[in-house]
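This is what each chain is made of:
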Amino acid sequence: MRYQNATAYRFLAPYLLIFSIFWLWPIISSFLISFQATRTVPWRFAPTFNWGRLIGDPAFFNALKNTLLILVIQVPVMITLAIVMAVLLNSPLLKARGLFRFAFFAPVVVGEVAYSAVFRLMFNLDYGIINKLLNSVGLPRIDWFSNVTPAMAVIMIAVTWRWAGYNAIVLLAGLQSIPQDVYEAATLDRVSKLKQFFYITLPLLKPIIVFCAVLSIIGTMQLFTEPFLITERGGPGGGTETLGLLLYRQGFKSLNFGYASAIAYTMAGLAIAISLMQLWLTRDPK
Amino acid sequence: MSSRSSSRRSSARLGRSIALHLFLTPLALIWLFPLWMMVIFSTMPDRGIFSPSIELLPHGNFLDNVNNLQRDTNFIGAIGISVSVAVTYTFLSVLLTSMAGWALARYQFFGKGVVVAIILGTITLPYAVVLIPQFIMVARDFKLANTWVALIVPPLFNSLGVLFMRQSFSMMPGDLFDAARVEGVKEWRIFLFVALPLARPMLAALAIILFLASWNNYLWPLLINSRPGAMTAPVALGTLIGLTKVSWGGIMAGAVMLTVPMLVVFVLLQRHFVAGIAAGAIK
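Residues numbered from 1 in each chain as written. Chains lettered and ligands numbered in written order. Predicted model: local features only at pLDDT ≥ 70, side-chain atom pairs only at ≥ 80, totals over all residues. Heavy atoms only, no water.

As recorded in an unreviewed UniProt entry, chain B goes by the name sn-glycerol-3-phosphate transport system permease protein UgpE, listed as coming from Mesorhizobium onobrychidis. Taken from UniProt, the Sequence similarities (unreviewed entry) comment for chain B reads in full: "Belongs to the binding-protein-dependent transport system permease family." (UniProt positions renumbered as here; feature names shortened; annotations may be inferred.)

Looking at an unreviewed UniProt entry, chain A carries the name Sugar ABC transporter permease, with the source organism given as Mesorhizobium onobrychidis. Under the heading Sequence similarities (unreviewed entry), UniProt records this for chain A: "Belongs to the binding-protein-dependent transport system permease family." Quoted straight from UniProt, the Subcellular location (unreviewed entry) entry for chain A says "Cell membrane".

A. A look at the overall build of chain B. Looking only at helices and strands, chain B has 15 helices and 0 strands in total. The globule rule puts the C-alpha radius of gyration for 283 residues at 19 Å, and the 25 Å found for chain B is more than 25% above it. For chain B, with 283 residues in total, the buried portion stands at 51%. Within chain B, residue pairs in contact and separated by at least 24 positions form 74% of the contacts whose partners lie at least 6 positions apart. Carbon and sulfur atoms make up 68% of the accessible area of chain B, which totals about 12800 Å². Taking the average place of the 20 positive charges on the side chains of chain B and the average place of its 9 negative ones, the gap between the two points comes to 11 Å. (Helix = DSSP H or I, 4+ residues; strand = E, 2+ residues; numbered from the N terminus. Rg over C-alpha atoms; globule rule 2.2 N^0.38 Å. Buried < 20%, exposed > 50% of the residue type's maximum accessible area, 1.4 Å probe, protein only. Contact = heavy atoms within 4.5 Å. Areas by Shrake-Rupley, 256 points an atom, 1.4 Å probe, with all protein chains shown as cover. Lys, Arg positive; Asp, Glu negative; His and termini not counted. Charge placed at Lys NZ, Arg CZ, Asp CG, Glu CD.)

B. Examining the interface of chain A and chain B more closely. With 94 residues of chain A at the contact, the number on the chain B side is 99 residues. Among the residues chain A hides against chain B, the three largest losses belong to Phe-11, Tyr-15 and Trp-23 of chain A. Together they make up 10% of the total. At the junction of chain A with chain B, the criterion picks out 0 salt bridges. Considering every element that reaches the side of chain A that touches chain B, the biggest residue donor is helix α1 (residues 5-33) of chain A, with 21 residues. Its residues assigned to classes, the side of chain A that touches chain B comprises 70 nonpolar, 15 polar and 9 charged. (Buried area = accessible area lost by both parts, 1.4 Å probe. Salt bridge = Lys/Arg side-chain N within 4 Å of Asp/Glu carboxyl O. Nonpolar A, V, L, I, M, F, W, Y, C, P; charged D, E, K, R; others polar.)

C. Here's a closer look at the UniProt feature "transmembrane region" (unreviewed entry) in chain A. Under the local residue numbering, the UniProt record ascribes the feature "transmembrane region" (unreviewed entry) to residues 12-35, 68-90, 102-123, 151-175, 196-218 and 257-281 of chain A. Regarding residues 151-175 of chain A, the helix share stands at 100% and the strand share at 0%, and the terminal C-alpha atoms are separated by 35 Å.

D. Summary view of the UniProt feature "transmembrane region" (unreviewed entry) in chain B. All names here are of chain B. UniProt records the feature "transmembrane region" (unreviewed entry) at residues 20-41, 75-102, 114-136, 148-169, 190-213 and 246-269, using the numbering of this structure. Segment residues 114-136 splits into 83% helix and 0% strand. End C-alpha atoms: 28 Å apart. Between the end C-alpha atoms of residues 148-169 the distance is 31 Å, and the span holds 73% helix and 0% strand.

E. The arrangement of the packing of aromatic side chains in detail. For the structure on display, the rule yields 38 aromatic pairs over all chains. Pairing Phe-19 of chain A with Phe-157 of chain B gives two aromatic rings, centres 4.9 Å apart and planes at 45°, and the pair type is tilted. In this pair, Phe-19 of chain A is assigned in helix α1 and Phe-157 of chain B in the loop between α7 (148-152) and α8 (159-170), connecting two distinct chains. The same class applies to Phe-19 of chain A and to Phe-157 of chain B, which are both buried. Plain terms: the ring middles of Trp-102 of chain B and Phe-177 of chain B are 5.0 Å apart, the flat faces sit at 85° to each other, and that makes the pair edge-to-face. Of the two residues, Trp-102 of chain B is situated in helix α4 (residues 75-106) and Phe-177 of chain B in helix α9 (residues 174-182); the sequence distance between them amounts to 75 residues. We classify Phe-177 of chain B as buried; its relative accessible area is 1%. Members of the aromatic cluster, joined through ring pairs, are Trp-43, Phe-224, Phe-228, Tyr-248, Phe-252 and Phe-257 of chain A together with Phe-135 and Tyr-218 of chain B. Directly above the ring of Tyr-259 of chain A sits Arg-53 of chain A, whose terminal nitrogen or CZ lies 3.9 Å from the centroid. Just above the ring of Phe-228 of chain A sits the side chain of Arg-233 of chain A; from NZ or CZ to the centre is 4.1 Å. (Phe/Tyr/Trp six-rings, centres within 6.5 Å; stacked < 30°, edge-to-face > 60°. Lys NZ or Arg CZ within 6 Å of the ring centre and 35° of its normal.)

F. Seen up close, the UniProt feature "domain: ABC transmembrane type-1" (unreviewed entry) in chain A. Here, UniProt's "domain: ABC transmembrane type-1" (unreviewed entry) annotation points to residues 64-278 of chain A. The straight-line gap between the two end C-alpha atoms of residues 64-278 of chain A is 21 Å; of that span, 74% is helix and 0% is strand.

G. Up close: the packing of α4 of chain B against helix α10 (residues 187-198) of chain B. All names here are of chain B. Relative orientation of the contacting elements α4 and α10 amounts to 100°, with a least axis distance of 12 Å. Overall, the two elements α4 and α10 adopt an arrangement that is roughly perpendicular. Within the contact between the two elements, α4 uses Ser-98, Met-99 and Trp-102 and α10 uses Ile-190, Phe-191, Ala-195 and Leu-196. Partitioning the contact of α4 with α10 into residue classes produces 6 nonpolar, 1 polar and no charged. (Axes fitted to C-alpha atoms, helices over the stretch in contact; angles between N-to-C directions. Parallel < 35°, antiparallel > 145°, perpendicular 65-115°, else oblique.)

H. Fine view of the UniProt feature "domain: ABC transmembrane type-1" (unreviewed entry) in chain B. With numbering matched to this structure, UniProt assigns "domain: ABC transmembrane type-1" (unreviewed entry) to residues 79-269 of chain B. The distance separating the terminal C-alpha atoms of residues 79-269 of chain B is 22 Å; by composition the span is 75% helix and 0% strand.

I. Molecular detail of the environment of Gln-180 of chain A. All names here are of chain A. When you line up the elements, Gln-180 lands in helix α8 (residues 180-188). Its relative accessible area of 47% is what places Gln-180 among the partly exposed residues. The spacing of Gln-180 and Leu-194 is 14 residues in sequence and 16 Å in space, taken between C-alpha atoms.

J. How the structure looks around the pattern of salt bridges. Inspection of the entire model under this criterion finds 7 salt bridges over all chains. As a salt-bridge pair, Arg-141 of chain A and Asp-126 of chain A come within 2.8 Å of each other at their nearest N and O atoms. Residue Arg-141 of chain A is located in the loop between α6 (129-136) and α7 (148-176), and its partner Asp-126 of chain A is located in the loop between α5 (112-122) and α6; the two are separated by 15 residues in the primary sequence. Note on Arg-141 of chain A: relative accessible area 44%, which makes it partly exposed. Because the salt bridges share partners, they merge into one network encompassing Asp-178, Arg-181 and Glu-187 of chain B.

K. The arrangement of the nonpolar core in detail. Core analysis: the largest hydrophobic core is formed by 192 residues, its most contacted members being Phe-104 and Leu-247 of chain A together with Phe-169 of chain B. Ranked by the residues each element gives to this core, the list is headed by α7 of chain A, at 15 residues. Apart from the residues within four sequence positions on either side, Phe-104 of chain A is in contact with Met-85, Leu-89 and Gly-165 of chain A together with Leu-24, Leu-27, Ala-28 and Trp-31 of chain B. (Core = buried A, V, L, I, M, F, W, Y, C linked by side-chain atoms within 4.5 Å.)

As structure tokens, this is what we get:
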């Protein structure tokens, strides 16, 4: 095929311009800033200033620990739930499919601020509907926001509610791209539905499951709005502080851009590790 | 014999169908519950929200709550900013991503592999990495804080949109475009008047997703447009959450005003919505 460099780049130019200014340069710049002391004027090159602090900062390790804890529990639960939703929504036995789809997909359009407000009220100690319901069935109410474990649970519940349907949409599209004759052949061979799920559906869906998991991990890793708004600035006592929230506080409240950049690059390091794992998990078997 | 086994099979199907609905119905109700509570809270007076009784049905206080919200923060003004920004952003972003998608789908050019690698690479790059320099550049160097440009332009770079449009354009038959070329039609005219009209359903799907992303965007507008009067609606609402002397009924009315229009769009255009989200992942 003939090369059409000039024409192609004319179409790409505005997009690449935006990329260069607002992404490419920041990616480089962020790396450089992480090696500078940024609370002096002018900024000063000090390679170990931020990174040295990071290694010895209990607040950083607290945020890292909380973030990883949310990741390890919330992402697998959500992905499993999304697979269940997708498979059941895809079932030919389902009536009123539109209603069920609406129920699970509706949170996809709800903004983080709006749902954070609702979850805060729902889990309120004295007046929250959740505690009222617990009380009405004879269970003790829970002080959701004053203790770390229940506060973390609220965040995980909220994030799962918000994003499970989104992943289910993606997985459902994947399910519908699996050719039906595979299942027909399996049914003729009297393979049970459950076995079909584990030996046909899951392996064929694996690349999409991994894709969903990677995007969810990277999204959860940067979690900011939920600990900021639902659990009141990462409370109680930093118990729900995440890397995203620590970055916000360091970068934009303390205006410590250098340190915040070091935190950002730690996240990038984690993301690269996770992406490499994705490549390894979805590689073609030799 | 055969009729008996088929009736046994159909009763097994019925049993499975019932089990499916018995499992899914409570799950669906749990999933809708926070949305239902959002609506209920938005119609209740504040003293009703903070009372010991369980309220599961709407009251009549929605307009009072909107008034309280307008008193606490100029929410109507913020909605105006959000709508204008989302509309402008969606238009520009659809144009930019489809131009780029068109180039990647339809031309061979030097550096194509690099461009594709960049776009794929940025999907898994945490946004946190670009956030700080973006802020420094836009606020300090360009002095654009609290402007519309700051809200609209930096988020224009969008990887999934380009991949989606590349996919859409590459599935179109090439003969059509070649025929136009034989007629001597210029490339940008082919793009505008042949390719884009053909891609209308895909453009609709992309536009909905981009509009929603802009409408719900919180962190970037919080950082860059934090002056009262320049805030988008989610940012204005966020400033109230956690304050003590504030109307919670008002906050909930704001949440409803942000959410319900999007839910209506979702119901009306579900097909486009789902296509747009799914297309980001399925390549």
